[in-house]
Amino acid sequence: LKRQRLDDKASESPEKPPEPEPVGITLAKLSVSQLKTLARYHSVSFTGCVEKSDMIAAIRAKGLDDTAAQRFDEATSKTSAAAIPAAVPMSEEERTALAE
């Protein structure tokens, strides 16, 4: 009886951590132009990058992941010029020109 209780406790699995939310947009789904814009914003160098996969690897090496792609897509897909500075750095003059 004691052995059965120990076996029962051993078979109980510890609580699993929650899985992260699935991301709709990934770095791989962004266009090369979008990857370049994202890289400029985060000061990622594409020196030596020939393929799109090289660009994605450089972005990931900087510590960015698919959630960065998701945020970039959300910010740039909005028609409001106010959303663009969140993803792409601009001078105050550029922001003013876009707002007009």
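Just above sits the structure.
Residues numbered from 1 in each chain as written. Predicted model: local features only at pLDDT ≥ 70, side-chain atom pairs only at ≥ 80, totals over all residues. Heavy atoms only, no water.

Participant: I'd like a rundown of helix α3 (residues 52-61), residues and numbers included.
Facilitator: The set of residues buried in α3 consists of Met55, Ile56, Ala58 and Ile59. Buried residues of α3, seen end-on, are gathered within an arc of 160° and therefore sit on one face of the element. Buried residues in α3 make contact with α2 (32-41). A positive backbone phi angle near 100° is found at glycine 63, which sits one or two residues after α3. (Buried < 20%, exposed > 50% of the residue type's maximum accessible area, 1.4 Å probe, protein only. Helix = DSSP H or I, 4+ residues; strand = E, 2+ residues; numbered from the N terminus. Arc of directions from axis to C-beta. Contact = heavy atoms within 4.5 Å.)

Participant: An account of the nonpolar core is needed here, citing residue identities and associated values.
Facilitator: With 15 residues, the main nonpolar core has Leu27, Leu30, Leu35, Leu38, Val44, Phe46 and Ile59 as its most contacted residues. Within the residue set of this core, elements represented by two or more residues are α2, α3 and α4 (66-77). The greatest single-element share of this core, amounting to four residues, is contributed by α3. Apart from the residues within four sequence positions on either side, leucine 38 is in contact with Leu27, Leu30, Ile59, Ala68 and Phe72. (Core = buried A, V, L, I, M, F, W, Y, C linked by side-chain atoms within 4.5 Å.)

Participant: Any chance you could break down the packing of α2 against α3 for me, citing the residues and the numbers?
Facilitator: Put simply, α2 and α3 touch, their axes get as near as 11 Å, and they point 25° apart. Between α2 and α3, the angle is such that the two are roughly parallel. Read as a crossing pair, α2 and α3 show a hand that is left-handed. In contact with Val32, Leu35, Lys36 and Leu38 of α2, α3 contributes Lys52, Met55, Ile56 and Ile59. Of the residues belonging to the contact of α2 with α3, the class tally is six nonpolar, no polar and two charged. (Axes fitted to C-alpha atoms, helices over the stretch in contact; angles between N-to-C directions. Parallel < 35°, antiparallel > 145°, perpendicular 65-115°, else oblique. Left-handed = near helix turned anticlockwise from the far one by under 90°. Nonpolar A, V, L, I, M, F, W, Y, C, P; charged D, E, K, R; others polar.)

Participant: A description of unusual backbone geometry should follow, citing residues and the corresponding values.
Facilitator: Although it is not a glycine, serine 43 sits at a positive phi angle of roughly 55°. With respect to the element layout, serine 43 can be found in the loop between α2 and α3.

Participant: Outline the pattern of salt bridges, listing residues and values.
Facilitator: Applying the stated criterion across every chain, the model contains one salt bridge. The partner of arginine 60 in a salt bridge is aspartate 66, with the nearest N and O atoms 3.0 Å apart. Arginine 60 sits in the partly exposed class, given a relative accessible area of 39%. (Salt bridge = Lys/Arg side-chain N within 4 Å of Asp/Glu carboxyl O.)

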